[in-house]
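A structural walkthrough
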Amino acid sequence: MRLLPLSSASAALALLLLPTAAFTAFAAESSGTSSFTISDPRIKESSGLAASRLHPGVYWTHNDSDDGPYVYAVDSATGRTVARVTLTGIGKPRDVEAISLGPDGQLYVGDIGDNRDGTWDHVWIYRFPEPKELRDTTVTAAQFTVRYADGPRNAEALMVHPVTGRVYIASKNESKGGLYEGPEQLSASGTNVFRRVADVPWVTDGAFSPDGSRLTLRGYFTARTYPWKNGRPEGEGERVDAPWQGQAESVTYAADASALMFGAEGADSRVVAVPLAAAASPSAAPQPGSPPQPAPSAEPSGTFGKGALVLAAALALTFAAKRLFRRAGPRK
């Protein structure tokens, strides 16, 4: 079935009528910002992202579960894995959900998931230095036991502040999620108690900006960026035009702070770069932790709903229009 040709003017009008999130995805692709596809068949459940500081354009990721003690370095220029790090000195990973790079040059891996919704009385964090060379290697990692002061929690977001080095975890709950602060320094010899310091909405991942002044939290359908002051997220924050990705699992800042990188689970998963100039848009959304307000195109509650379908269709139209622009040329 062939589509009828559209004029450049009608295609431009279609773009203007698209939802903001769809247009942002188009802008990211058109601006030269480096989105990429993870091509390694071993990475089927990419659940966390961290931008390398030692290796420009490289992102660290890992599988969700049932993979083993592995962390992968992916080159955003090609989408190929350039290193697989095997962790030793730790127990068997249970549900690895997040990764973050601290100011000490070490990678922190959060084995913090709990699909039984908070029945495990402890979880773990693994830490090891970011490798200076990109090659398959084995490292000895430190293992830290974590408990929450107010009882077990399911969590998917772990963030290390890039200035203070303090570790934070955001629990995953539709209406009662919390941001938890770890001790000033983690101890490998005892239990590290994390204490709730703020309420947050449904969170699947989070990241601090490279200068530590902002915290971005994402869920399946929305993302928000909060000013970070006095060790806490402040105010209502700004809504981020995150792309629709289905099983939306990860977010990190590009190392140069030029973009937010949004990732998802699945084979050949796409990591979408959203330039920061286009990412944030002010809105009158509720305070962190309050029930999400209904939005017609971006925030269905529960399962995949009308808003998500509309957004997915809008994205498809966006990239179709993009192809038309490329094909359009002067009449002869």
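Given the structure is predicted, the values throughout are model-derived calculations rather than measurements.

What to know about the pairing of strand β4 (residues 70–75)
With five of its six residues buried, β4 lies for the most part within the structure. Between the antiparallel neighbours strand β3 (residues 58–63) and β4 lie six residues, among them Asp 66 with a positive phi of about 60°. Here five bridges tie β4 to strand β5 (residues 81–88), and the two strands are oriented antiparallel to one another. The residue bridging Val 74 from the neighbouring strand is Thr 81, located in β5. Linking β4 back to β5 in an antiparallel pair, the connection comprises five residues, with Gly 79 at a positive phi of about 80°.

Focus on the nonpolar core
A general trend in soluble globular proteins is that nonpolar side chains are found buried together. Counting 19 residues, the largest nonpolar core has Trp 60, Leu 87 and Phe 128 as the members making the most contacts within it. Sorting the residues of this core by element identifies β3, β4, β5, β6 (98–101), β7 (106–111) and β8 (123–129) as the ones contributing at least two each. The residues touching Phe 128, leaving out its near neighbours within four places in the chain, are Val 71, Val 85, Leu 87, Gln 106, Leu 107, Val 109, Val 139, Thr 140 and Ala 141. Judged by nonpolar contacts, the second largest core, of 16 residues, contains Val 123, Phe 144, Ala 155 and Val 167.

A look at the environment of Arg 224
Within the element layout of this structure, Arg 224 appears in strand β17 (residues 223–229). Taking the C-alpha atoms as reference points, Arg 224 and Val 240, separated by 16 residues in sequence, lie 5.2 Å from one another. A distance of 2.9 Å separates a polar atom in the side chain of Arg 224 from the backbone oxygen of Glu 236.

Notes on the sheet that holds strand β20 (residues 248–253)
Strands sit in the order β1-β22-β21-β20 across an open sheet of four strands; the sheet is antiparallel. Each edge of the sheet is formed by a strand with only one pairing partner; in this case those strands are β1 (36–37) and β20. Pairing of β1 with strand β22 (residues 270–275), which is carried by two bridges, proceeds in the antiparallel orientation. Within β22, the position partnered with Thr 37 by the bridge is Arg 270.

Quick look at the pairing of strand β15 (residues 205–208)
Burial of β15 is two-sided: the residues Asp 205 and Ala 207 facing one way and the residues Gly 206 and Phe 208 facing the other way are all buried. The pairing of β15 with strand β16 (residues 214–218) spans four bridges and is classified as antiparallel. From the neighbouring strand, Ala 207 faces β16, where its bridge partner is Thr 216.

Looking at unusual backbone geometry
With a phi close to 55°, Asn 230 is a non-glycine residue in the positive phi region. Mapped onto the elements, Asn 230 comes out in the loop between β17 and β18 (232–233). Residues other than glycine seldom take positive phi values, yet Asp 268 does so here, at roughly 50°. Tracing the sequence through the fold places Asp 268 in the loop between β21 (259–264) and β22.

Comments concerning the packing of aromatic side chains
In total, this model carries seven aromatic pairs according to the counting rule given. When the centroid spacing of 5.0 Å and the interplanar angle of 65° are considered together, the rings of Tyr 148 and Tyr 180 count as edge-to-face. Of this pair, Tyr 148 sits in strand β10 (residues 142–148) while Tyr 180 sits in strand β13 (residues 177–181), and the two are 32 residues apart along the sequence. The pair formed by Tyr 148 and Tyr 180 is uniform in burial state, with each residue classed as buried. Looking at Arg 84, its charged tip hangs above the ring of Tyr 70, at a distance of 3.9 Å from the centre. Positioned over the ring face of Trp 120 is Arg 94, at 4.0 Å from the centre of the ring.

Basis of the calculations
- By convention here, each chain's residues receive numbers from 1 onward along its written sequence.
- Residue-level local features of this predicted model are given only where pLDDT is at least 70; pairs of side-chain atoms are given and counted only at 80 or more, and the full residue set underlies all totals for whole chains, interfaces and linings.
- The basis for every side-chain value is the complete set of heavy atoms in the structure, and neither hydrogens nor water enter the calculation.
- Any residue under 20% of the maximum accessible area for its type is buried, any over 50% is exposed, and the rest in between are partly exposed; the area is computed with a 1.4 Å probe on protein chains only.
- Only runs of H or I of at least four residues qualify as helices and only runs of E of at least two qualify as strands under DSSP, and these elements are numbered from the N terminus.
- Pairs of strands are assigned from DSSP output, requiring at least two bridges between the strands.
- Here, the term nonpolar core denotes a set of buried Ala, Val, Leu, Ile, Met, Phe, Trp, Tyr and Cys residues that are joined through side-chain atoms within 4.5 Å.
- What makes two residues a contact is simply this: any of their non-hydrogen atoms within 4.5 Å.
- N or O atoms within 3.5 Å of each other form a polar contact, as long as, within protein, one can give a hydrogen and the other can take it, and as long as residues adjacent in sequence are counted only when both atoms are side-chain atoms.
- For Phe, Tyr and Trp, where Trp contributes only its six-membered ring, two rings pair if their centres lie within 6.5 Å, and the inter-plane angle classes them as stacked under 30 degrees, edge-to-face over 60, or tilted in between.
- For a Lys NZ or an Arg CZ to count as sitting over a ring, it must be within 6 Å of the ring centre and within 35 degrees of the ring normal.

Keep in mind that these numbers describe shape and distance, not what the molecule does.
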